[in-house]
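Residue-level structure breakdown
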Amino acid sequence: MMRRTTTALGAVAAAAALAFAAPGTAYAAHGFLIVDGTVHHDPGGCYPLGDYAPPVVTNGTDSVVAVWSGTFCTGRVEWLIGPGETYRPNGNRSVFVP
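So, here's what we can say about the structure. From a predicted model like this one, the values you see are computed outputs, not experimental measurements.

Some details on the pattern of salt bridges
If you walk through the whole model with that rule in mind, you get one salt bridge. Here R76 ties to E78 by a salt bridge, and the two come within 2.7 Å at their closest N and O atoms. On the basis of relative accessibility, which here comes to 31%, the residue E78 falls in the partly exposed class.

Structural notes on the side chain of T61
For T61, the location among the structural elements is in strand β4 (residues 57–61). Note on T61: relative accessible area 7%, which makes it buried. Side-chain polar atoms of T61 contact the backbone nitrogen of S63, separated by 3.1 Å. If we skip the residues at most four places from it in the chain, T61 touches A29, H30, G31, F32, L33, P43 and P83.

Some details on the state of the cysteines
Inspection of the entire model under this criterion finds one disulfide. Paired through a disulfide, C46 and C73 show a sulfur-sulfur distance of 2.1 Å. Torsion about the S-S bond of the C46 and C73 cystine: about 100 degrees, corresponding to right-handed handedness. Separated by 27 residues along the polypeptide, C46 in strand β3 (residues 45–48) and C73 in the loop between β5 (65–68) and β6 (77–81) bring together distant segments of the chain. Residue classification places C73 among the buried residues on the basis of a relative accessible area of 15%.

Regarding the sheet that holds β3
With antiparallel pairing, the four strands of this open sheet are ordered in space as β3-β8-β5-β6. Pairing within the sheet leaves two strands with one partner each, and these edge strands are β3 and β6. In this sheet, adjacent strand axes meet at a mean angle of 25 degrees when their direction is disregarded. Sheet topology places β5 next to strand β8 (residues 94–97); three bridges connect them, and they run antiparallel. Paired with V67 across the two strands is V95, which belongs to β8.

Re the sheet that holds strand β2 (residues 38–41)
Strand order in the open sheet formed by four strands is β2-β1-β4-β7, and the pairing between neighbours is antiparallel. Every interior strand has two partners, whereas the edge strands, β2 and β7 (86–87), have only one. Sheet analysis places β4 next to β7, joined by two bridges and oriented antiparallel. Among the inter-strand pairings, T58 is bridged to a residue of β7, identified as T86.

Cut-offs and rules
Residues numbered from 1 in each chain as written. Predicted model: local features only at pLDDT ≥ 70, side-chain atom pairs only at ≥ 80, totals over all residues. Heavy atoms only, no water. Salt bridge = Lys/Arg side-chain N within 4 Å of Asp/Glu carboxyl O. Buried < 20%, exposed > 50% of the residue type's maximum accessible area, 1.4 Å probe, protein only. Helix = DSSP H or I, 4+ residues; strand = E, 2+ residues; numbered from the N terminus. Polar contact = N/O pair within 3.5 Å; in protein donor to acceptor, adjacent residues only side chain to side chain. Contact = heavy atoms within 4.5 Å. Disulfide = S-S within 2.5 Å. Pairing = 2+ DSSP bridges. Axes fitted to C-alpha atoms, helices over the stretch in contact; angles between N-to-C directions.

Pasting the structure below:
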């Protein structure tokens, strides 16, 4: 019985992870994202950070924005910017809006 429960929970967890990680989903955040002074309305996807020292990101969306260490949202997530927050990434190269 325990083995079946564990297997079922593992399958549910895997399905949930795939649902949230599926690329190309039609969802875009509602609101705006300001990256280095440029406003993006209802953003979605990866945005590079410019060469400003330091770059500034303002999250005016209803989603949490992930700050990535590498360009094109590669590397590792260094910080999460909540709705309504402004963050000055130090040495990071891109941000992702789910």
